[in-house]
Amino acid sequence: LTGLIACMIDIAVEKLAGYKYLAVKQNIEKYTELGGLSISLILWAVLNSAFVMLGSLAVAFLEPIAAGSGIPQIKCFLNGVKIPRVVRLKTLVIKVFGVICSVAGGLAVGKEGPMIHSGAVVAAGVSQGRSTSLKKDFKIFEYFRRDTEKRDFVSAGAAAGVSAAFGAPVGGVLFSLEEGASFWNQLLTWRIFFASMVSTFTLNFFLSIYHGKPGQLSSPGLINFGRFDSDSVQYNLYEIPLFIIMGALGGVLGALFNIINYWLTIFRIRYIHRPCLQVMEAMLVAAVTATVSFAMIYFSNDCQPLGQDNTEEYPLQLFCADGEYNSMATAFFNTPERSVRSLFHNPPGTYNPVTLGVFTLAYFALAVWTYGLTVSAGVFIPSLLIGAAWGRLFGILLSFIASSQSIWADPGKYALIGAAAQLGGIVRMTLSLTVILVEATGNVTYGFPIMLVLMTAKIVGDYFIEGRSRIPGLQSVPFLHWDAPPTSHWLTAREVMSSPVTCFNRVEKVGRIVDVLSNTSTNHNGFPVVSDTTENDEPGKICGLILRSQLIVLLKHKVFVERASSRLSQRRLQLKDFRDAYPRFPPIQSIHVSQDERECMMDLTEFMNPTPYTVPQETSLPRVFKLFRALGLRHLVVVDNENRVVGLVTRKDLARYHVGKDGLEELHLAQT
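Residues numbered from 1 in each chain as written. Predicted model: local features only at pLDDT ≥ 70, side-chain atom pairs only at ≥ 80, totals over all residues. Heavy atoms only, no water.

Caption draft 1: Expanded view of the overall build of the chain. Looking only at helices and strands, the chain has 27 helices and twelve strands in total. Over its C-alpha atoms the chain spans a radius of gyration of 28 Å, differing by no more than 12% from the 26 Å that the globule rule assigns to 672 residues. Its C-alpha atoms put the chain at 95 × 50 × 50 Å along the principal axes. A buried classification covers 56% of the 672 residues belonging to the chain. Of all intrachain contacts in the chain linking residues separated by at least 6 positions in sequence, the fraction that spans at least 24 positions is 75%. When the accessible surface of the chain is totalled, it reaches about 29400 Å², and 61% of it is carbon and sulfur. (Helix = DSSP H or I, 4+ residues; strand = E, 2+ residues; numbered from the N terminus. Rg over C-alpha atoms; globule rule 2.2 N^0.38 Å. Buried < 20%, exposed > 50% of the residue type's maximum accessible area, 1.4 Å probe, protein only. Contact = heavy atoms within 4.5 Å. Areas by Shrake-Rupley, 256 points an atom, 1.4 Å probe, with all protein chains shown as cover.)

Now the structure itself:
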């Protein structure tokens, strides 16, 4: 299914972008002779804005969670945070529609990132054997209706998305392991690999039919870097330092990208939070992108001869002589994927150094501004395109300095290394990105330089600012990183826990349960169950932990002590009843409890978790953090020496502390 969605996106973008560029090209050619090229500019800007407006309206008004690439949200979901609506069918539909509109609208975005989110939604939906959006239950896969199983499937969906996007099944598995899943099961490895393999095969097979060559499996992913011949991919020992320098440059530029985008995101949270303003900003960026592209093509005098083997899709002559085309138009007058491919493979001399330099600066600014708009879009392809442009420029400058055309003759090699450095500097992935790029290029020769460049880019980038993992913090999501904050070693559980704790007795009055669950100010999810409270109103000893969702199912089925004794023939509650209610448990307001029923009692002993994890008050914060991270906890009960409940540590308590110690008010900003 993920492969088919990728196929649909690819065909739709190709068709829409083709019609748009053809219309603008014909218009430009018409007005180059007659004068009045401003009409062509207006046409281009209006077409861009119209596409982007449709995609942005859908995202802003129908499903805001579909904005961006979706990778941070999926990462949070796999970390154990339940983000509302992140894996719904409606989110998938808006995501696919939005990404088609934003790429066809000419924004500096890619369609590869959203494929990861799309794959995750497909996996989450298929694994449950029903659609809660369509209210259709197929009565299959009921065993998988719980958080742990669903999380494993979402890991597989994300991997299938990477596999479809880049034609890299091994890279997909490693992406899920390195970047996605916070919890990994050994059995997952081969299962996810199988899912990734099927995904890339499906896309390959259906695209071969679309291209009129059924059975010729030559386009394994949405992005095709083209074939790198073994003769042209040689490198020598003395080029290794140059690759390291390129990696460092990629790290610096990646850090700059993240810093600017971070402050831009804070600005958007503060001032551009209304949907209508978000749509207007997206349309403005689309129009500015068209204007900048047009201006740079217009003022560029970099003309190249149009040879027999030319692969340009839409060669623009503009003010060039007959038989020549404008080289700047190759970079801008194309979908970003095609531009990357031409930078990798066009022969030496195709691009003027000034063209590449100006293009890099302009596209970098556009990409920074575009990432974070209320549209469905990824950052992979813009990063590759920026890196390929300055990498190719680096190669051309080297050939000038060395004034020899032997080893420096192929600037496409440096374009690939530059693309890897830039992408590594922004997303800070190492292992999975190496394999993805090696699989996408179809050549292992560059494996070592790519590894070297990605490691250097990560080390240099991390020195300045962490990668895009700040986004969960900005969106007020309690995301837990791998390690506890370095300043937390002298803090204890007592200092971060929430207290007093709302507890229930083993046998609790129904009226009190309903009141606690209905209280909007205490929207808790887990409640410690204690032996009866003492006369001094101190909490009793810990007996277990029960979840809000479990209590709602118990209330819905009226599992009261009085009923059990009066009607012995009543059906006992089964695990299936809890699974059928998963994942959208009904709100407490929808459950009717009469005045008489409020006086009944409910025995929680049978349904609670009798052995919840607990820690003493003096436990160090790193220890608490490790328990949360390794066990995937949502609540951790803090007890005193007599095993009485004194507090409860939640993910929010830990995440708030983690963010606060950075000296950055991210959570506070996001909440205000």
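Caption draft 2: Looking closely at the nonpolar core. Counting 123 residues, the largest nonpolar core has Phe225, Ile297, Phe344 and Leu384 as the members making the most contacts within it. In terms of residue count, the dominant contributor to this core is helix H14 (residues 380–402) (twelve residues). With residues up to four places along the chain from it excluded, the contact list for Phe344 reads Phe225, Phe228, Ala388, Arg392, Gly412, Ala415, Leu416 and Ala419. Ile513, Val514, Cys543 and Ile552 belong to the second largest nonpolar core, which has 27 residues in total. (Core = buried A, V, L, I, M, F, W, Y, C linked by side-chain atoms within 4.5 Å.)

Caption draft 3: Molecular detail of the sheet that holds strand S10 (residues 614–616). The three strands are arranged S10-S11-S12 in an open sheet whose pairing can be described as mixed. Here the strands that pair on one side only, and so sit at the sheet edges, are S10 and strand S12 (645–650). Here the average twist between neighbouring strands, direction ignored, is 35 degrees. Pairing analysis gives five bridges linking strand S11 (residues 635–639) to S12, with the strands arranged antiparallel. Opposite His635, over in S12, you have Thr650 as the bridge partner. Relative to the sheet, helix H25 (residues 621–631) contacts S10, S11 and S12, its axis offset from that of S11 by approximately 145 degrees. (Pairing = 2+ DSSP bridges. Axes fitted to C-alpha atoms, helices over the stretch in contact; angles between N-to-C directions.)

Caption draft 4: Main features of the sheet that holds strand S5 (residues 504–505). If you walk across this open sheet you meet the three strands as S5-S7-S8, and the pairing is mixed. Each end of this open sheet is capped by a strand with a single partner; those strands are S5 and strand S8 (542–547). Here five bridges tie strand S7 (residues 526–530) to S8, and the two strands are oriented antiparallel to one another. Bridged to Pro528 within S8 is Leu545. Along the sheet, helix H21 (residues 548–556) makes contact with S5, S7 and S8, crossing S8 at roughly 75 degrees.

Caption draft 5: Region of interest: empty space enclosed by the protein. According to the stated counting rule, one finds seven cavities of 30 Å³ or more in the structure shown. The calculated volume of the largest cavity comes to roughly 140 Å³. Contributing to the lining of the largest cavity are 18 residues, with Tyr21, Gly106, Phe332, Asn334 and Tyr363 lying nearest its centre. When contributions to the lining of the largest cavity are tallied by element, the ones reaching two or more residues are helix H2 (38–62), helix H10 (275–299), helix H11 (327–332) and helix H12 (336–345). With three residues, the top contributor of residues to the lining of the largest cavity is H10. (1 Å grid on protein atoms, 1.4 Å probe; cavity = no way out; pocket = protein on both sides within 12 Å on 5 of 7 lines; lining within 4 Å. Points joined across faces, edges and corners; volume = space filled by probe spheres on them.)

Caption draft 6: Quick peek at the packing of helix H1 (residues 2–34) against H2. It is the contact of H1 with H2, at a shortest axis distance of 9 Å, that shows an interaxial angle of 165 degrees. One finds that H1 runs roughly antiparallel with respect to H2. Seen from above, H1 lies across H2 with right-handed handedness. Here Leu16, Lys20, Tyr21, Ala23, Val24, Asn27, Ile28 and Tyr31 of H1 come into contact with H2, specifically with Ile39, Ser40, Leu43, Trp44, Leu47, Asn48 and Phe51. Taken together, the residues that form the contact of H1 with H2 break down as eleven nonpolar, three polar and one charged. (Parallel < 35°, antiparallel > 145°, perpendicular 65-115°, else oblique. Left-handed = near helix turned anticlockwise from the far one by under 90°. Nonpolar A, V, L, I, M, F, W, Y, C, P; charged D, E, K, R; others polar.)

Caption draft 7: Summary view of the pattern of salt bridges. In this structure the tally under the stated criterion is 14 salt bridges. Notably, a salt bridge pairs Arg644 with Glu642, separated by 3.2 Å at the nearest N-O pair. Taking the relative accessible area as the measure of exposure, Glu642 reaches 48% and is therefore partly exposed. Among the charged side chains, a network of salt bridges with common partners joins Asp10, Lys111 and Glu337. (Salt bridge = Lys/Arg side-chain N within 4 Å of Asp/Glu carboxyl O.)

Caption draft 8: View of the packing of helix H9 (residues 240–271) against helix H15 (residues 411–427). Packing of H9 against H15 leaves a shortest axis separation of 7 Å and a crossing angle of 40 degrees. If you check the angle between H9 and H15, you find them oblique. Crossing angle aside, the handedness with which H9 passes H15 is right-handed. Only Tyr414, Ile417, Gly418, Ala421, Gln422, Gly425 and Ile426 of H15 make contact with H9, whose side of the interface consists of Leu242, Phe243, Met246, Gly247, Gly250, Gly251, Leu253, Gly254, Ala255, Phe257 and Asn258. Across the contact of H9 with H15, the residue classes break down as ten nonpolar, eight polar and no charged.

Caption draft 9: Summary view of the packing of aromatic side chains. Applying the stated criterion across every chain, the model contains 17 aromatic pairs. Geometrically, the ring pair formed by Trp44 and Phe294 is edge-to-face, given 6.5 Å between the ring centres and 75 degrees between the ring planes. Here the residue Trp44 occupies a position in helix H2, and Phe294 occupies one in helix H10, the gap between them amounting to 250 residues. On the basis of relative accessible area, Phe294 is assigned to the buried category, the value being 9%. (Phe/Tyr/Trp six-rings, centres within 6.5 Å; stacked < 30°, edge-to-face > 60°.)

Caption draft 10: Molecular detail of the pairing of S11. Counting buried positions along S11 yields five of five residues, so the element is predominantly enclosed. Alternating positions in S11 separate into two faces, His635, Val637 and Val639 on one and Leu636 and Val638 on the other, with burial throughout. In this view, the connection linking S10 to its parallel neighbour S11 by way of H25 has right-handed handedness. Linking S11 back to S12 in an antiparallel pair, the connection comprises five residues, with Asn643 at a positive phi of about 65 degrees. (Right-handed = clockwise from strand over helix to strand, strands pointing away.)

Caption draft 11: View of H15. Along its 17 residues, H15 runs 24 Å from first to last C-alpha, staying within 8% of the 24 Å computed at 1.5 Å per residue. Backbone geometry just after H15 places Arg428 at a positive phi near 60 degrees. (Expected span 1.5 Å × (residues − 1).)

Caption draft 12: Representation of H21 in the model. Burial analysis of H21 places eight of its nine residues in the buried class, the great majority of the element. Residue Lys558 follows H21 closely and has a positive phi angle near 55 degrees.

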